[in-house]
Amino acid sequence: MKKLNKLLFLSLIASPFALGLASCDDNESYAELLTDETHAVNAWLANYRVNNTIPADSIFITVDEAGQDAPYYRMDEDGMVYMQVVSAGDRTDKATSDELIYFRFERANLLYWQKYDTIVWEGNANDFDYTSTSFRYGNYTLPSSSQWGSGIQLPLAYLGIDCVVNMVIKSQYGFTSEIANVIPYVYKVRYFRSAV
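Residues numbered from 1 in each chain as written. Predicted model: local features only at pLDDT ≥ 70, side-chain atom pairs only at ≥ 80, totals over all residues. Heavy atoms only, no water.

> Any chance you could explain the overall build of the protein here in plain terms?
Tallying secondary structure elements over the protein gives four helices and eight strands in all. Helices (α) and strands (β) of the protein occur, in sequence order from the N terminus, as α-α-β-β-β-β-α-β-β-α-β-β. Each of the 196 residues in the protein was classed as buried or not, and the buried ones make up 37%. Relative to all contacts within the protein whose residues are 6 or more apart in sequence, the contacts with residues 24 or more apart total 64%. Carbon and sulfur atoms provide 56% of the accessible area of the protein, an area that totals close to 11,200 Å². (Helix = DSSP H or I, 4+ residues; strand = E, 2+ residues; numbered from the N terminus. Buried < 20%, exposed > 50% of the residue type's maximum accessible area, 1.4 Å probe, protein only. Contact = heavy atoms within 4.5 Å. Areas by Shrake-Rupley, 256 points an atom, 1.4 Å probe, with all protein chains shown as cover.)

> Would you mind going over the nonpolar core with me for this structure?
Among soluble globular proteins, nonpolar side chains are generally buried collectively. Of all hydrophobic cores here, the largest spans 29 residues; its most connected members are F135, I152, L159, M167, Y187, V189 and Y191. Those elements that provide at least two residues to this core are β3 (81-87), β4 (100-109), β7 (164-169) and β8 (185-192). At four residues, the largest contribution of residues to this core is made by β8. W44, L45, L110 and W113 belong to the second-largest nonpolar core, a separate cluster that totals 11 residues. (Core = buried A, V, L, I, M, F, W, Y, C linked by side-chain atoms within 4.5 Å.)

> Just checking my understanding: could you explain a nonpolar patch on the surface for this structure?
A cluster of nonpolar residues, Y112, Y116 and V120, forms a patch on the protein surface that exposes about 300 Å² of accessible area. Residue position: Y116 is located in helix α3 (residues 110-116). The class for Y116 is partly exposed, based on a relative accessible area of 46%. (Patch = residues over 30% accessible without salt bridge, like charges linked within 9 Å, V, L, I, M, F, W, Y side chains within 5 Å. Salt bridge = Lys/Arg side-chain N within 4 Å of Asp/Glu carboxyl O.)

> Explain the packing of aromatic side chains here, please?
Geometry of an aromatic ring pair is reported as the spacing of the ring centres plus the angle between the planes. In the structure shown here, the tally under the stated rule is 15 aromatic pairs. For the ring pair Y112 and Y116, a centre distance of 4.7 Å and an interplane angle of 45° mean the geometry is tilted. Placement of the pair is Y112 and Y116 together in helix α3, with a separation of four residues, close to one helical turn. Ring centres of W148 and F175 lie 5.2 Å apart, and the angle between their planes is 75°; this geometry places the pair in the edge-to-face category. One end of the pair, W148, is in the loop between α4 (143-146) and β7; the other, F175, is in the loop between β7 and β8, and 27 residues separate them in sequence. In this pair, the class of W148 matches that of F175, namely buried. Members of the aromatic cluster, joined through ring pairs, are F103, F105, F135, W148, F175, Y185, Y187 and Y191. The ring of Y185 has R107 lying over it, and the distance from NZ or CZ to the ring centre is 3.9 Å. When the ring centre of W121 is taken as origin, the NZ or CZ atom of K188, which lies over that ring, is 4.3 Å away. (Phe/Tyr/Trp six-rings, centres within 6.5 Å; stacked < 30°, edge-to-face > 60°. Lys NZ or Arg CZ within 6 Å of the ring centre and 35° of its normal.)

Next up, the structure:
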């Protein structure tokens, strides 16, 4: 009986440690989440041509590379944002500092796509019952602008306001409320001067 009690006592003490070790396998470190994010982004971009530099003349699109055939360009040194130009818009009609810019978007979680081989789009691009989203260009002091992250504004430094782009945005440049989730998204974005 003493042996049985001792075994029962040891198993009760050991159980929380065993459960703790098992749950550690389910909880990845932040570094591991960043690695998963990079793998998902690389898997998506493997389906496209990728240029690691921005064109010197900032002309991202040619007649031969229009739309979905255009390459993705790495937009920053750390590879946080990649942009594919679907329509460059009027390059002479660019956003000015603190200008109110509206945009409509769809986005898909690349970790979900990588795991299930399925794209699930969300956003306000095709449902005009939802209002357009907006930001003040270059003004990250306003929560209404900073909430979308810096990645969403990046195309307007190079393209006209009426441009259409596809982007891959890693979490650190994405929606500020989601940075800790470490989820990269692929976006389809259209920009406007007035609410549409």
